[in-house]
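# Architecture at a glance
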Amino acid sequence: AAATASAGHGGRRRHVLLFPLPYQGHINPMFRLAGVLHARGCAVTVFHTRFNGPDAARHPEYRFVPVPDGMSGAPSVAIDSVVKHILALNDACEAAFRERLAAVLAEYSRDAVTCLVADAHLLRMVEVARRLAVPTLVLRTGSAACFAGFVAYPLLCDKGYLPVQESSELDRPVRELPPYRVRDLMHMGSDGHELVCELLARAVAAVKLSSGLILNTFDALEAPELAKLRRDLAVPVFDIGPLHKFSPAAGGSLLRENRSCLEWLDVQAPESVLYVSFGSLACMGGRELDETAWGIAGSGVPFLWVVRPGLVCGRAPDEPARLPEGFEAATRGRGVVVEWAPQEEVLRHRAVGGFWTHNGWNSTAESVCEGVPMLCRPHFGDQMGNARYVEHVWKVGFEVGDGGELERGTVEAAIRRLMTGSDGAEMRTRARELKMAAAECTGNAGSSELAIVRMVTHILSL
Ligand code: UDX
């Protein structure tokens, strides 16, 4: 029988405290986890920064506790500024979080609070909770393979893989973490090396200080990587993904979704449409945007493209990106451009036959679970490693442009290969098999369902 939070406590609901990192790719899995815990009888309290704060009105079932972050505005989308922002948010929130957490502990009876689940990038919050005797678990929102890379990072630096000195080193295979090459590891060149080391060391420290690691992945996708983490870490690892399957419509979107694109999809032929989206942070140069647009136009394939404000590098996050003149006329009737889409529903739609993605982990997992093969264009962070797994382990997609500049001819050819080519069809077949494997994991007595039961039992025992 499933563990529930009121069992054994005189029917009183027990509280789980959550603290997401305030970025879309981290908010979504944390809200999905909130849905899972709430459905199992836990009362949920969400601590959050002012920056990218959630809309509490959309979640009347949770309690929200704002933590002043004292930071002015959003970082630019450049990756080094995101990393600095994450590190700075930790310091900026530490004292305020201590005060808010102490107040919440004084209000709820102490034994009613089970634990804090914090994002892996919030080490300072984990430390604060522990000093106040609150047990912690860590949610890492990327893949198991990616976190194994974090754990191995100091060793990989010792062995001379990092920092990268010459571009010729990028294709060197990482023998300790196959099938990664150096370019697939998180890295930022020698200038940003210390910053990345700090970020990853903190994430590993947060897990080691905690009573468990929660991963949004599943056995059928990453069994060897999960086994490796279980060997290397002294804490229990709960592979409870893909979380969106347990907690659909978790409502974590920061931007307003344009739902009209679903009606357009309704009248398209099955598996005919290419869905294009580069997530919430990745940005591209103006020329790359133009080449992408003309490649999509030239492919002749129907498309749904998310062009979010701020997509062009160096522009304000709310500045609309402008597509090249003549693009709309060239593609009229064949495609739709929106600023933000209901992505889970789009990928589930029978008209969608391919996904051109930046391979953020959520997008990758969402695509895998809907059996949609991928065209990969990773930008930074864990995305290169995710794309590597898509192409070389699961074989459900391939990279376009190989990290170099994009040309419209390359884009056209890649889109046709995925959508109408024979190896695209093979990738689609494998993607369908992975979809079925994912459904088994999330189904009754599947590995992820059992991991959720173990996780809730563990939380209630803390
Ligand atoms: C970031 C990093 O880029 C990523 O590599 C890391 O794994 C998590 O943090 P992001 O770039 O936003 O995430 O990408 P991703 O992880 O794919 O998350 C994007 C989320 O936004 C997905 O859950 C997706 O469903 C949602 N989304 C995206 C929409 O709802 N609508 C859209 O139009 C686009």
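Residues numbered from 1 in each chain as written. Predicted model: local features only at pLDDT ≥ 70, side-chain atom pairs only at ≥ 80, totals over all residues.

Once that is clear, we can look at the nonpolar core. Counting 138 residues, the largest nonpolar core has Leu18, Val117, Val138, Ile214 and Leu304 as the members making the most contacts within it. It is helix α4 (residues 144-158) that contributes the most residues to this core, eight residues altogether. When residues no more than four places from it in sequence are discounted, the contact partners of leucine 18 are Met30, Ala34, Val44, Val46, Phe47 and Val117. (Core = buried A, V, L, I, M, F, W, Y, C linked by C-beta atoms within 7 Å. Buried ≥ 20, exposed ≤ 12 C-beta atoms within 10 Å, placed from the backbone. Helix = DSSP H or I, 4+ residues; strand = E, 2+ residues; numbered from the N terminus. Contact = placed C-beta atoms within 7 Å.)

Turning our eyes to something else, we now look at the site of the ligand. Taken together, 26 residues sit near the ligand, with Gly25, Gly279, Gln343, Gly360 and Ser363 positioned nearest. Contributions of two or more residues to the shell around the ligand are made by α1 (24-39), α11 (343-348) and α12 (361-369). Partitioned by chemical class, the residues of the shell around the ligand number seven nonpolar, 16 polar and three charged. (Near = placed C-beta within 6 Å. Nonpolar A, V, L, I, M, F, W, Y, C, P; charged D, E, K, R; others polar.)

Glancing now at helix α9 (residues 286-299). With 14 residues, α9 ought to run about 20 Å at 1.5 Å a step, and its terminal C-alpha atoms sit 20 Å apart, in line with that. Here α9 has its buried residues at Leu289, Glu291, Thr292, Ala293, Trp294, Gly295, Ile296, Ala297 and Ser299. Elements in contact with the buried residues of α9: β8 (273-277), β9 (303-306), α10 (327-331) and α14 (408-420). Residue glycine 300 follows α9 closely and has a positive phi angle near 75°. (Expected span 1.5 Å × (residues − 1).)

The six strands are arranged β10-β9-β8-β11-β12-β13 in an open sheet whose pairing can be described as parallel. Pairing within the sheet leaves two strands with one partner each, and these edge strands are β10 (335-338) and β13 (397-399). Across the sheet, the axes of successive neighbouring strands diverge by a mean angle of 15°, strand direction being ignored. Here five bridges tie β8 to strand β11 (residues 352-357), and the two strands are oriented parallel to one another. Counterpart to valine 273 in the pairing with β11 is valine 352. Where helix α13 (residues 383-392) meets the sheet, its contacts fall on β12 (374-376) and β13, and the angle it forms with β13 comes to roughly 130°. (Pairing = 2+ DSSP bridges. Axes fitted to C-alpha atoms, helices over the stretch in contact; angles between N-to-C directions.)

Another aspect to go through is the sheet that holds strand β4 (residues 113-119). Strand order across the open sheet formed by seven strands is β3-β2-β1-β4-β5-β6-β7, with parallel pairing between neighbours. Edge positions in the sheet fall to β3 (63-67) and β7 (237-239), since each has one partner strand and no second. Adjacent strand axes in the sheet meet at a mean angle of 25°, parallel and antiparallel pairs treated alike. As paired elements, strand β1 (residues 15-19) and β4 share five bridges and run parallel to each other. The residue bridging phenylalanine 19 from the neighbouring strand is alanine 118, located in β4. Sheet strands in contact with α1 are β1, β2 (43-49), β4, β5 (136-140) and β6 (213-215), and its direction is about 165° off that of β2.

As a further point, take the pairing of β4. Burial runs high along β4: seven of the seven residues are buried. In the sheet, β4 pairs with β5 via four bridges, with the strands oriented parallel. The residue bridging valine 117 from the neighbouring strand is leucine 137, located in β5. Each parallel crossover has a hand, and for β4 linked through helix α3 (residues 123-131) to β5 it is right-handed. (Right-handed = clockwise from strand over helix to strand, strands pointing away.)

A residue-level look at the chain finds 96% of positions with pLDDT of 70 or above and a mean pLDDT of 94. Quick note on the complex model: pTM equals 0.96, ipTM equals 0.98. (pLDDT = per-residue confidence, 0-100.)

Take arginine 430: it is sitting in helix α15 (residues 422-442). Taking the number of C-beta atoms within 10 Å as the measure of exposure, arginine 430 has 15 and is therefore partly exposed. For the pair arginine 430 and valine 396, spaced 34 residues apart in sequence, the C-alpha separation works out to 6.2 Å. If we ignore the near neighbours within four places in the chain, the residues touching arginine 430 are Trp394, Lys395 and Val396.

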